[in-house]
Amino acid sequence: MKKYLLTIIVIFGLPAAVSADTIKATVNGMVCGFCATGIEKTFKTQTEVRAVNVDLENKLVTIQTKQGQTLDDSKIKKLLGNAGYSVVAVARQK
Amino acid sequence: MKTTTFLTLLLTTFGTALVSKAKPLSYVGGTMVMQENDETGHTISSDYTFTPTNAFGLYIKQEENGKEIFMLTPEFNTLLKRWNLPDGQGNIFNMTGAGLAHYRGNNQPCLWTAFLADYESRRWFFSYEPRFVWDGNIEKSVWQRTRIGIAPYLANYNDLNTWIMFQVDHHPAKRDHFVATPLIRFFYKTYLFEVGYGSNQHIMVNWTIQF
């Protein structure tokens, strides 16, 4: 029984543990290309980040992390705060 | 060739306009180079943002339309207040420089400070900037500049942004006390370019690059 449970945990748990995050942050104050560049460059300096995209129209910053890595909400808010913007919400998907 | 003449030529060659700063700060670690050539003279400045609210740089200006004063100062820019709104952003900045002014063989210490208040959405732009300049015993002056703008279409980050703007300057120390300048601004990613034509028949050309 233990072996059976362990197998299930490995099969279903491992992909989640090593998968990448797609994080969508809704941000106030983004209005121009200079804003977008600042945010992109700020996140690209983070070793956990694979890609970042800024959507001015929908006020969204989409961050894709590397496999098995993530950025917690507090770090995202701190990075965006340091770039000069306010985070309204953070949503995640694996 | 006099140093000031050389620098004036250099400034003129690199563009035509005073720094109609998009904003006097970028992101931490970011550098901006700006040039402005307008009825007040030729300006070039560069600054490096080292904290979320502070930037340090160099400001060089050759004044025209009055006393042809040459100014060279380090510059310190501070974000005093920012409002991040759902559809826009408002800011109050202070920019201050202290250095050297040169006029007809006379070198004087100089000091200038300016406050820039702006509001920008993807559709609307408004700014107001009072500037106080002290050039030792050469000149003391106060300027005001205000600008409104509208984007005829809403562009995203990777699109060419276009703005139609109108600027009014009030500088009693200059020959033309009031100058109104309609202008057009193009903005693509981190490149900003503006061209306008003032009521005193001066062409204005500004550019900013952020990297």
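In what follows, the structure referred to is the one given above.
Residues numbered from 1 in each chain as written. Chains lettered and ligands numbered in written order. Predicted model: local features only at pLDDT ≥ 70, side-chain atom pairs only at ≥ 80, totals over all residues. Heavy atoms only, no water.

Caption draft 1: Local environment of the packing of aromatic side chains. In this structure the tally under the stated criterion is 4 aromatic pairs over all chains. An angle of 50° between the planes, with centres 4.9 Å apart, marks the rings of F34 of chain A and F187 of chain B as tilted. Remark: F187 of chain B occurs in strand β10 (residues 178-188) and F34 of chain A occurs in helix α2 (residues 33-44); the pair is interchain, linking two chains. Residue F34 of chain A shares its accessibility class with F187 of chain B, and that shared class is buried. We note R185 of chain B situated over the ring of F125 of chain B; from NZ or CZ to the ring centre the distance is 5.2 Å. Stacked on the ring of Y157 of chain B, the Lys or Arg K189 of chain B has its end atom at 5.8 Å from the ring centre. (Phe/Tyr/Trp six-rings, centres within 6.5 Å; stacked < 30°, edge-to-face > 60°. Helix = DSSP H or I, 4+ residues; strand = E, 2+ residues; numbered from the N terminus. Buried < 20%, exposed > 50% of the residue type's maximum accessible area, 1.4 Å probe, protein only. Lys NZ or Arg CZ within 6 Å of the ring centre and 35° of its normal.)

Caption draft 2: Representation of the pattern of salt bridges within the structure. Residue and element names in this part refer to chain A. For the structure shown, the criterion picks out 13 salt bridges over all chains. A salt bridge links D21 to R92, with the nearest nitrogen and oxygen atoms 3.4 Å apart. Residue D21 is located in the loop between α1 (2-18) and β1 (22-28), and its partner R92 is located in strand β4 (residues 86-93); the two are separated by 71 residues in the primary sequence. Residue classification places R92 among the partly exposed positions, given a relative accessible area of 37%. Residues E48 and K75 are paired through a salt bridge, measuring 3.3 Å at the closest nitrogen-oxygen approach. (Salt bridge = Lys/Arg side-chain N within 4 Å of Asp/Glu carboxyl O.)

Caption draft 3: Quick look at empty space enclosed by the protein. Enumeration according to the criterion identifies 6 cavities of 30 Å³ or more in this entry. The space that makes up the largest cavity amounts to roughly 200 Å³. In this structure, the largest cavity is lined by 21 residues; those nearest its centre are F34, C35 and Y85 of chain A together with K23 and L25 of chain B. Contributing elements (two or more residues each) for the lining of the largest cavity: α2 of chain A together with β10 of chain B. Element by element, the count of residues in the lining of the largest cavity is highest for α2 of chain A, at 4 residues. Grouping the constituent residues of the lining of the largest cavity by class yields 13 nonpolar, 4 polar and 4 charged. (1 Å grid on protein atoms, 1.4 Å probe; cavity = no way out; pocket = protein on both sides within 12 Å on 5 of 7 lines; lining within 4 Å. Points joined across faces, edges and corners; volume = space filled by probe spheres on them. Nonpolar A, V, L, I, M, F, W, Y, C, P; charged D, E, K, R; others polar.)

Caption draft 4: Structural detail: the pairing of strand β8 (residues 139-150) of chain B. Residue and element names in this part refer to chain B. Side-chain alternation along β8 places E139, S141, W143, R145, R147 and G149 on a buried face and K140, V142, Q144, T146, I148 and I150 on a face that remains uncovered. Relative to β8, strand β7 (residues 124-135) runs antiparallel, the two sharing 12 bridges. Looking across to β8, one finds that F125 is bridged to G149. Strand direction decides the pairing type here: β8 and strand β9 (residues 160-170), joined by 7 bridges, are antiparallel. Bridge pairing in β9 places R145 opposite D169. (Pairing = 2+ DSSP bridges.)

Caption draft 5: Representation of the interface of chain B and chain A in the model. With 26 residues of chain B at the interface, the matching set in chain A holds 22 residues. At the boundary of chain B with chain A, total buried surface from both sides reaches about 2,000 Å², with 57% on carbon and sulfur atoms. Of all residues in chain B, Y27, R122 and Y157 of chain B bury the most surface against chain A, accounting for 31% of the area lost on that side. The interface formed by chain B and chain A holds 1 salt bridge in total. Measuring nitrogen to oxygen at the nearest pair gives 3.0 Å for the salt bridge that ties D87 of chain B to K59 of chain A. Where chain B meets chain A, there are 11 residue pairs in polar contact (both at pLDDT 80 or more). Residue assignment for the side of chain B that touches chain A shows that the elements contributing at least two residues are β4 (70-85), β5 (88-103), β6 (106-121), β11 (191-197) and β12 (203-210) of chain B. Sorting elements by how many residues they give to the side of chain B that touches chain A places β4 of chain B first, with 3 residues. Within the side of chain B that touches chain A, the residues separate by chemical class into 13 nonpolar, 8 polar and 5 charged. (Contact = heavy atoms within 4.5 Å. Buried area = accessible area lost by both parts, 1.4 Å probe. Polar contact = N/O pair within 3.5 Å; in protein donor to acceptor, adjacent residues only side chain to side chain.)

Caption draft 6: Local environment of the state of the cysteines. Residue and element names in this part refer to chain A. Across all of its chains, the model carries 0 disulfides over all chains by this definition. In this model C32 remains outside any disulfide bridge; the closest cysteine sulfur is found in C35, 3.3 Å from its own. A relative accessible area of 8% means that C32 is categorised as buried. Classification of C35 by relative accessible area gives buried; the value is 2%. (Disulfide = S-S within 2.5 Å.)

Caption draft 7: Structural context of the nonpolar core. Judged by nonpolar contacts, the single largest core of 28 residues is most densely connected at M30, I39, F43, V61, I63, I76 and L80 of chain A. Of all the secondary structure elements, the ones that give two or more residues to this core are β1, α2, β2 (49-55), β3 (60-65) and α3 (73-83) of chain A together with β1 (31-38) of chain B. At 5 residues, the largest contribution of residues to this core is made by α2 of chain A. Look past the residues within four positions of I76 of chain A in its chain and what remains in contact with it is I23, A25, F43, I63, L71, V87, V90 and R92 of chain A. By size, the runner-up hydrophobic cluster in this structure holds 16 residues, among which are L25, I69, L79 and F93 of chain B. (Core = buried A, V, L, I, M, F, W, Y, C linked by side-chain atoms within 4.5 Å.)

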